[in-house]
Amino acid sequence: MFMKSIEGYFSIPESYGDDARVNARLIHYTSISLIVLSLIFAVILPFLAPELTGQTIVLAVVSLLTNLFIMRLVHQKKLRVAGILITIFIWLIVTASSISAGGVSAPILMGYILVIILGGVLARHEKGSLYMTSICIASGFLLTMAETRGILPESRDYSPYVRFTVYSFFFLAAMLLQNITAGSLKNLLASARSSEKKYRSLLENIPITTYINSTDQNALTEYVSPQVEKLVGYSRDDFLNDPEFWKKIIHPEDKERVLGENERTTRTGEPFEEEYRLVTKDNHLIWVRDEATLVYDENGRPLHWLGVWTDITSRKMAEEEQADLISVMTQRTIQLQTGAEVSRAASSILNLDKLLPMVVELIRNHFDYYYVGIFLTDEIGNWAVLRAASGEMGKHMIAMKHRLEVGDSSMIGWCISHGQARIALDVGEDAVRFRNPFLPLTRSEMALPLISRGEVIGAMTIQSEKPTAFSRVDITALQAMADQVGNAIKNARLFSERLNLITELEEQNTELERFTYTVSHDLKAPLVTIRGFLGYLREEVRAGDMERFDKDLKRIANAAERMQALLNDLLELSRIGRITNPHEDIPFEQIVKESLDLVLGPTEEIRVIVDIQKDLPILHGDHPRLVEVVQNLINNAIKFMGNQPHPRVEVGLRDYDRDGKPILFIKDNGIGIDPQYHERIFGLFNRLDPSVSGTGIGLTLVRRIIEIHNGRIWVESEPGKGATFLFTLPLAKSG
């Protein structure tokens, strides 16, 4: 047990690291060497110089105790204290011995060389040798001054053998120290080579690329592991011959971000962590995770950046696939949600003016498109009229009554005429596409037909600021929505037609009641007149009063003629809608001229000025009935001129309505109509001025004819400011 304790005391603990173990070995073996040499010196020197026996024994004992204490410090891992202590101990022994021996002429002064060596080797400080050299020189200088001034004891005259023995002691000590240092250095170099080999083997065989960069702003490459060639295809020499080569293969879109972060971390010393793309030698893209840490020396000064490139391409691809999957699922959810909302709106809203704007806004907002619009064909099918559109530009185009011709001149026109979807993933390459100046940012467009019960009734346009914005799933979902909208439009139209039919029936019932009353009233008056004057005729014949007889007979004839006119107008009214002529294309200007020929005699032509606009549209309808409409309106305008000194009638085109029908007008500068009578004048037998001849059926006939042509008529007028009758009629297919 005691032997094990002694053996453990004279051995170095295994818990030391490589660097600390080398230093511990130096101190430990130096202490043992000094103990051995001190004992040998204590044995030999008394024979050569008996007068130094006491001093030699004291020196040996002090050396033994001091070095045992130093070895204890090594076991306690206090290497720095042990190194400083052994250096100071030798310096003290040499200095004290030199003082007692008389000064600088004492052979033991040569021990300062050993002190200087130990100061550099054991003090664990890069300037330890310099410090100890300075101390030894200063000590020698002080000894010299003291010896010169006689302060020190008289120097002894040592024999050559004593001097040789002292010198031999230091020679042996220096040799032992050199052997210990050389052995430790050899072990350290071997350990370093082994560590370097292991480190290099580790760096060059792990599945990542390691590198070392300089600490300046340029971050120059000083080392890169051979895995870099497998990673990017470029050899190590490419990086070492051009220290900034790593910057040149960063993807252009990532370069500014990466170099900016590199500049920041170089300035602050914080760890560098970035994920970015590299362009390989064969022009492929890979993703790397770049992590670098600033390495410092033992004094806290930065040495270099040690970093690794880890290939994360697979992870990024997986993330992108996951993101794409999430995007697809999100898009599908949005599609289903939008489809449900469109379906709900389509089934609950039967007013097209509310339904269509809601649909375009739902699709645009949910899908984040640039623009969505809905076109409906006019009644003839020549034009696709914009009925709903998203955004401010959409409102502006609706206000402008934007429309596109059905045919191959635009995507909407082509879509409607062919009943198929048309998609332009790059609008610049589609020659058919209509380039709308109000939508300059459009990069891709899709036109979907609105089909209901096999009939194409319009189209939906969807536009995006992004090229190739529509996927196959988008197209399928949007076409399903378009089909729902098409059916909703058809249902809304049927519902509207039903409401119109109900309203028309109610109006007809009201008109029938009014008709019955009017017939019973207006026909009753002539009959009363006839019956009453027949009795007068009998009396006048008996009395032989032929002059009065002729007057009463004329009254009876007038009453019969008035009755005949009423019956003829009623018969004409009943025929409208039941007896029609074939519809044809007729220029409106021709209709106006035919009507003027029927209305204006020579007197009226001189008295009334009629202005007809140029370039009037071509209409499609019942030719005779349309002439009858214009004839009645012009005739009314002339009748109700009043005392106007310069009567004027204007006929022309004001605008087009949202269905693409022309809004025509006949305007006069006559007496005008009070707004409260604007609707009443179109009723049966409603005559505002009994003094004017007529049956009161004319405007009723006009409205009935226009309604048969799916048009409408209204009046704009104020008393004393003339009247303007406006009406819509269908355009010709070629117009």
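The model shown is predicted, which means the values in this text are computed figures rather than measured ones.

**Digging into helix H21 (residues 623–639)**
Thought 1: Its 17 residues give H21 an end-to-end C-alpha distance of 24 Å, which sits within 8% of 24 Å, the value for a rise of 1.5 Å per residue.
Thought 2: Taking burial as the measure, the 17 residues of H21 include 13 buried ones, the bulk of the element.

**Re unusual backbone geometry**
Thought 1: Even without glycine at this site, asparagine 283 takes up a positive phi of about 65°.
Thought 2: With phi around 55°, aspartate 615 is a residue other than glycine that occupies positive phi space.

**Remarks on helix H22 (residues 698–708)**
Thought 1: The buried count for H22 comes to eight of 11 residues, which makes it a mostly enclosed element.
Thought 2: Regarding H22, the residues found buried are Leu699, Thr700, Leu701, Val702, Arg703, Arg704, Ile705 and Ile706.
Thought 3: Two residues or fewer past H22, asparagine 710 is found with a positive phi of approximately 60°.

**Remarks on the nonpolar core**
Thought 1: Residues Phe588, Ile591, Leu633, Ile666, Ile713, Phe725 and Phe727 are the most contacted members of the largest nonpolar core, which totals 37 residues.
Thought 2: Contributions of two or more residues to this core are made by helix H19 (588–599), H21, strand S15 (648–656), strand S16 (662–668), H22, strand S17 (713–717) and strand S18 (723–728).
Thought 3: It is H21 that contributes the most residues to this core, eight residues altogether.
Thought 4: In this structure, isoleucine 666 is in contact with Val630, Leu633, Ile634, Val649, Glu650, Val651, Ala723, Thr724, Phe725 and Phe727, ignoring residues within four places of it in sequence.
Thought 5: Counting residues in each nonpolar core, the second largest holds 26 residues, with Val359, Tyr369, Met460 and Ile489 among its members.

**Quick notes on the packing of aromatic side chains**
Thought 1: Tallying each qualifying case throughout the model produces five aromatic pairs.
Thought 2: Seen from their ring centres, phenylalanine 239 and phenylalanine 245 are 5.1 Å apart, and the 85° between their planes marks the pair as edge-to-face.
Thought 3: Looking at lysine 316, its charged tip hangs above the ring of tryptophan 287, at a distance of 4.5 Å from the centre.
Thought 4: Just above the ring of tyrosine 656 sits the side chain of arginine 403; from NZ or CZ to the centre is 4.9 Å.

**Brief notes about the sheet that holds strand S10 (residues 444–452)**
Thought 1: Pairing is antiparallel across the open sheet formed by six strands, whose spatial order is S8-S7-S6-S11-S10-S9. Here the strands that pair on one side only, and so sit at the sheet edges, are strand S8 (403–405) and strand S9 (422–424). Ignoring which end each strand starts from, the neighbouring axes of this sheet average 25° apart.
Thought 2: The strands touched by helix H13 (residues 352–367) are strand S6 (371–377), strand S7 (383–389) and strand S11 (455–464); relative to S6, the strand with the most contacts, the crossing angle is about 145°.
Thought 3: On top of the sheet, helix H14 (residues 391–399) reaches S6 and S7; it is set at about 140° to S7, its chief contact.

**Let's talk about the sheet that holds strand S4 (residues 285–296)**
Thought 1: The strand order across the open sheet built from five strands is S2-S1-S5-S4-S3, with neighbouring strands paired in antiparallel fashion. Sheet topology places strand S2 (221–224) and strand S3 (272–279) at the edges, where each strand pairs with a single neighbour. Strand-to-strand, the axes of this sheet are offset by a mean angle of 25°, without reference to chain direction.
Thought 2: Of the pairings in the sheet, the one linking S3 to S4 comprises eight bridges and is antiparallel in character.

**Overview of the pairing of strand S5 (residues 302–311)**
Thought 1: One ladder, built from five bridges, connects strand S1 (residues 209–213) with S5; its direction is antiparallel. Across the sheet, threonine 209 pairs through a bridge with tryptophan 309, a residue of S5.
Thought 2: Judged from the nine bridges that link them, S4 and S5 form a sheet pairing that is antiparallel. Within S5, the residue paired with alanine 292 across the bridge is glycine 307.
Thought 3: Adjacent in sequence and paired antiparallel, S4 and S5 are bridged by five residues, among which glycine 300 carries a positive phi angle near 85°.

**Notes on the pattern of salt bridges**
Thought 1: Counted according to the given criterion, the structure contains 27 salt bridges.
Thought 2: A salt bridge links arginine 264 to glutamate 270, with the nearest nitrogen and oxygen atoms 2.8 Å apart.
Thought 3: The shortest N-O distance in the salt bridge between arginine 289 and glutamate 273 comes to 3.4 Å. Taken together, the residues arginine 289 in strand S4 and glutamate 273 in strand S3 connect sequence positions 16 residues apart.
Thought 4: Residue glutamate 273 is classed as partly exposed on the basis of its relative accessible area of 44%.

**Here we look at the pairing of S10**
Thought 1: For S10, a buried count of eight out of nine residues is recorded, marking the element as mostly surrounded by other parts of the structure.
Thought 2: Here nine bridges tie S10 to S11, and the two strands are oriented antiparallel to one another. Residue pairing across strands places proline 449 opposite alanine 459, the latter belonging to S11.
Thought 3: Linkage of S10 to S11, two consecutive antiparallel strands, is achieved through a turn of two residues, within which arginine 453 is found at a positive phi near 55°.

**Structural notes on the side chain of serine 464**
Thought 1: Here serine 464 is to be found in strand S11.
Thought 2: Classification of serine 464 as buried rests on a relative accessible area of 5%.
Thought 3: Sequence-distant contacts of serine 464, defined by excluding residues within four places in its chain, comprise Tyr369, Tyr370, Leu441, Thr442, Arg443, Ser444, Ala469 and Phe470.

**A closer look at the side chain of arginine 387**
Thought 1: When you line up the elements, arginine 387 lands in strand S7.
Thought 2: Once residues within four sequence positions are removed from consideration, arginine 387 is found in contact with Leu352, Asp353, Leu356, Ile374, Leu376, Ile398, Arg658 and Asp659.

**Considering a nonpolar patch on the surface**
Thought 1: The grouping of Val36, Ile40, Val43, Ile44 and Phe47 at the surface amounts to a nonpolar patch, some 490 Å² of accessible area in total.
Thought 2: Locating valine 36 in the fold gives a position in helix H2 (residues 18–48).

**Considerations on the confidence of the model for the protein chain**
It should be kept in mind that the predicted coordinates are not to be read in detail where pLDDT is low.
Thought 1: Residue-level pLDDT values for the protein chain average 77, and 72% of them are 70 or greater.
Thought 2: Ignoring residues within four places in sequence, the model shows residues 1–7, a span with pLDDT below 50, making zero contacts including any to other chains.
Thought 3: Every residue in residues 690–695 is under pLDDT 50, and counting partners more than four places away or in other chains gives 12 contacts.

Cut-offs applied
- Residues numbered from 1 in each chain as written.
- Predicted model: local features only at pLDDT ≥ 70, side-chain atom pairs only at ≥ 80, totals over all residues.
- Heavy atoms only, no water.
- Helix = DSSP H or I, 4+ residues; strand = E, 2+ residues; numbered from the N terminus.
- Expected span 1.5 Å × (residues − 1).
- Buried < 20%, exposed > 50% of the residue type's maximum accessible area, 1.4 Å probe, protein only.
- Core = buried A, V, L, I, M, F, W, Y, C linked by side-chain atoms within 4.5 Å.
- Contact = heavy atoms within 4.5 Å.
- Phe/Tyr/Trp six-rings, centres within 6.5 Å; stacked < 30°, edge-to-face > 60°.
- Lys NZ or Arg CZ within 6 Å of the ring centre and 35° of its normal.
- Pairing = 2+ DSSP bridges.
- Axes fitted to C-alpha atoms, helices over the stretch in contact; angles between N-to-C directions.
- Salt bridge = Lys/Arg side-chain N within 4 Å of Asp/Glu carboxyl O.
- Patch = residues over 30% accessible without salt bridge, like charges linked within 9 Å, V, L, I, M, F, W, Y side chains within 5 Å.
- Areas by Shrake-Rupley, 256 points an atom, 1.4 Å probe, with all protein chains shown as cover.
- pLDDT = per-residue confidence, 0-100.

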